[in-house]
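# Remarks on the overall topology
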Amino acid sequence: RLAVIAGTGRNSGKTLFAVRLIERYRRYKIIAVKISSHNHSPSAGSTLVYSTPGYKLYRELSLSGNKDSELMLAAGAAESYYISAGEESVTEAYNRLIELIPPASPIICESPVLASLVTPGLLVVADSNNVLNRKEIPGLISGCDLLTEPGRVEEDIMRIGLDNNRWYLLNR
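Residues numbered from 1 in each chain as written. Predicted model: local features only at pLDDT ≥ 70, side-chain atom pairs only at ≥ 80, totals over all residues. Heavy atoms only, no water.

### Quick word on unusual backbone geometry
For residues that are not glycine, phi is negative in most cases, and the peptide bond is trans in most cases. Inclusion rule: Secondary structure elements are defined from DSSP: runs of H or I of at least 4 residues count as helices, runs of E of at least 2 residues count as strands, and each element is numbered from the N terminus. Categorising residues by exposure relies on relative accessible area from a 1.4 Å probe, with only protein chains included: less than 20% of the type maximum marks a residue as buried, more than 50% marks it as exposed, and the intermediate range marks it as partly exposed.
Positioned with a positive phi, lysine 29 is a non-glycine residue whose angle comes to about 55°. Summarising the element assignment, lysine 29 is placed in the loop between α1 (14-25) and β2 (31-36). With a relative accessible area of 57%, lysine 29 lands in the exposed category. Phi at asparagine 165 is positive, roughly 60°, even though this residue is not glycine. Within the secondary structure, asparagine 165 is located in the loop between β9 (160-163) and β10 (166-169).

Encoded structure:
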């Protein structure tokens, strides 16, 4: 039920891909998640759900703004969350989130770190020539189900299916 969208750095198209995928499948009550190991401030429209020394979990309530969690909620996600966590706390934070959401809900998570910690049903990697702070994450590109670029988002979205709350690639 988990689709992870990772990227090779900033401006790779991760959020654009997540938003378009949510728009396509909004009728399935998608849960959207943004996980960042950088200490970004949450949106003014979010509420703190859970906090430990290693992570903070926020539920997004704002439909307007430029934060990734706001954009995903505005795109049609049933719920949207933002997790700020050090890499050592991502698994714990994700497991806490799983306890809070409906058990069969499909999840779209924007996070390169989560892809290395759990096995998603679908792993999409966004890459672009415009990437800032390019990341070299071992095995990320070679292990992905779909490698996309900003100019191919619409075409690549059409290659993804969702059935019984499970993500898969269509045979095309």
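### Side note on the pattern of salt bridges
Put simply, the rule is: Counted as salt bridges are all cases of a side-chain nitrogen of Lys or Arg within 4 Å of a carboxyl oxygen of Asp or Glu.
Counted under the stated rule, the structure contains 8 salt bridges. Measuring nitrogen to oxygen at the nearest pair gives 3.4 Å for the salt bridge that ties arginine 152 to aspartate 156. Taking relative accessible area as the criterion, aspartate 156 reaches 2% and is therefore assigned buried. Each member of the salt-bridge network shares a partner with another, and the members are Glu149, Arg152, Asp156 and Arg159.

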